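Structural characterization, general
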Amino acid sequence: MQQSCHTTAAALALNSIVCVVRCLPGRATLWLVSSMCGGPYSTQWVHGGLPGFVRSVQLEQPTLRCHWMDLEDCQFDVDMLLPDMPLECAIRDNNLLSPMLCALPPSTLPSIQSCCFSKNGSYVVSGGTGALGLFFANWMQQRGAGELVLLSRSGKMTSGCEYQCKEPSVIACDVSKQPSVVDTVAQVTAQMLPLDGVVHAAGIELYARLSDVTSSQIDQVLAPKVDGTCNLANETANLSLESFVVFSSTSAVFGLAGGAVYAAANSCLDAWVQHRHAAGQCGISYQWGAWTEIGMAAGLPNSGFVAGGVTNTIGQWAIEAVIGSGSSMIADMSWHQFLTLYERVPDYLSAFLNHLHQVSSDTDTEFVQALTISIGDSTAQRAALESMVLSQVHEA
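For the structure given in this document, a descriptive report is provided here.

About the thresholds
- Residues numbered from 1 in each chain as written.
- Predicted model: local features only at pLDDT ≥ 70, side-chain atom pairs only at ≥ 80, totals over all residues.
- Heavy atoms only, no water.
- Helix = DSSP H or I, 4+ residues; strand = E, 2+ residues; numbered from the N terminus.
- Buried < 20%, exposed > 50% of the residue type's maximum accessible area, 1.4 Å probe, protein only.
- Contact = heavy atoms within 4.5 Å.
- Areas by Shrake-Rupley, 256 points an atom, 1.4 Å probe, with all protein chains shown as cover.
- Pairing = 2+ DSSP bridges.
- Axes fitted to C-alpha atoms, helices over the stretch in contact; angles between N-to-C directions.
- Salt bridge = Lys/Arg side-chain N within 4 Å of Asp/Glu carboxyl O.
- Expected span 1.5 Å × (residues − 1).
- Polar contact = N/O pair within 3.5 Å; in protein donor to acceptor, adjacent residues only side chain to side chain.
- Core = buried A, V, L, I, M, F, W, Y, C linked by side-chain atoms within 4.5 Å.

Of regular secondary structure, the chain possesses 11 helices and 14 strands. Counting across all 396 residues of the chain, residues that qualify as buried make up 51%. Considering only contacts within the chain whose residues lie at least 6 apart along the sequence, 70% involve residues at least 24 apart. In the form shown here, the chain has an accessible surface area of approximately 17,100 Å², with 53% of it arising from carbon and sulfur atoms.

The strands that make up a sheet are held in pairs by hydrogen bonds between backbone atoms, and each pair lies either parallel or antiparallel. Read from one edge of the open sheet, 4 strands run β1-β2-β3-β4, paired in mixed fashion. Unpaired on one side and paired on the other, β1 (28-35) and β4 (95-97) mark the two borders of the sheet. Across the sheet, the mean angle separating the axes of adjacent strands is 20° when strand polarity is ignored. Packed onto the sheet, helix α2 (residues 50-60) meets β1, β2 (64-71) and β3 (88-92) and runs at close to 165° relative to β2.

The subject of this paragraph is the pattern of salt bridges. On inspection of all chains with the given rule, the structure shows 5 salt bridges. The partner of E60 in a salt bridge is R209, with the nearest N and O atoms 3.8 Å apart. Remark: R209 occurs in the loop between β9 (195-200) and α5 (215-235) and E60 occurs in helix α2; sequence separation between them is 149 residues. Classification of R209 by relative accessible area gives partly exposed; the value is 39%. In this structure, R92 and D70 form a salt bridge, with 2.5 Å as the shortest nitrogen-oxygen distance. Separated by 22 residues along the polypeptide, R92 in strand β3 and D70 in strand β2 bring together distant segments of the chain.

On to helix α7 (residues 260-278). For α7, built from 19 residues, the straight-helix expectation of 27 Å at 1.5 Å per residue is met to within 8% by its first-to-last C-alpha distance of 27 Å. Of all 19 residues in α7, 15 are buried, a share of seventy percent or more. A positive phi of about 80° marks G280, the residue just after α7.

Note on placement: R55 falls in helix α2. Here A252 takes part through its backbone oxygen, which lies 2.8 Å from a polar atom of the side chain of R55.

This brings us to the environment of V273. Looking at where V273 falls in the secondary structure, it is placed in helix α7. Distance in space between the C-alpha atoms of V273 and V245 is 8.9 Å, their sequence separation being 28 residues.

Here we come to the nonpolar core. One finds L32, F53, L222 and F244 to be the most contacted residues of the largest nonpolar core, which totals 56 residues. With 10 residues, the top contributor of residues to this core is α7. When residues no more than four places from it in sequence are discounted, the contact partners of F244 are V198, T229, L232, A233, T236, W272, R276, C282, G283 and I284. Core analysis: the next-biggest nonpolar cluster, separate from the first, contains 28 residues, L134, A145, L150 and Y286 among them.

Its place among the elements puts G130 in the loop between β6 (122-126) and α3 (131-142). With a relative accessible area of 28%, G130 lands in the partly exposed category. In this structure, the C-alpha to C-alpha distance between G130 and A201, residues 71 residues apart in sequence, is 8.3 Å.

This brings us to the pairing of β2. For β2, a buried count of 7 out of 8 residues is recorded, marking the element as mostly surrounded by other parts of the structure. The pairing of β1 with β2 spans 8 bridges and is parallel. Counterpart to L32 in the pairing with β2 is W68. Pairing analysis gives 3 bridges linking β2 to β3, with the strands arranged parallel. In the strand pairing of β3, D70 is matched with A90.

Our focus in this paragraph is the side chain of S267. By the element assignment, S267 lies in helix α7. Within the structure, S267 has its side chain in polar contact with the backbone oxygen of G48 (distance 2.9 Å). Not counting residues within four places of it along the chain, the set of residues in contact with S267 comprises G48, G49, P51, G52 and A252.

What follows is the structure, given as structure tokens:
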């Protein structure tokens, strides 16, 4: 498979790190040191997958203490590596910064209001014939989007797909291939309404443990996420887009045992959104948890730390609640079970340590049911979202 320089760089780095991890003894400490790969002013966002990778290592190989330090420049000194430092940190202006995940307090949640798209604009959705892509496209047209263009490698609607409004256009396009994206954007801008927005929902869920993952698998997972984002952004750079949405995953926030490369690929998307915001451009990253009614996780047993999962109803309202934010995670977590997966709870999850010894409750399931039953009750909807929507890992 031909790679772009973006996937090549990211894949080479991950392949090298995986090889090192495999060679380490059962109990060891590994430091990964990078420069400007994280944070809003990163210049090397293509390597922004390191947080997702490091968090996955903690779950998959808990006896390996894997650190990540991101420097402002390339001035590195081994004396900087102190044993009591956080597992993840960045040095900016001689200040040590570390990430922290926090629940959004109700007072800071945006008002849930109907989002409107331009009836005189067209919107491209990569992975648009997949379950989540189609769900988002349906929602966009219900909110006024003029024309929807669904992209897929085959150019065909997936069997069983239903479209609720005007039939969309479907174009064969492999977003990981630049020529394919160039042709598609040219076709859309020439034949349809002005292109006003992009939704990048394409991706490959391919899981393998660090002991088994191959170079080919790393390339396959990174290509649609990293190259797809770059190609779509580059070919629309001269357009005045009103929105650019990327679909990330909770794996970027928590890591994923058996899915370190998938977590890293999604973490790259989050880094790209931060980079884009710093440049004054639009960008939104939805870090989705498992959906219960659609998508690859639908119908599968829950993982033990997902209380009820993201239903279609909650997903739709969460989309509207955080549409103006940079990166937001939407998941239904059972914290007291999830935190027991760690041999040592990471510092960035310390805000949730009070849940560790709580007895299991049905609270999460109850608010999911309440939202489903009380769809017309905006108070119930807001209460559910206040429990569901968590802020992006941020520097504090």
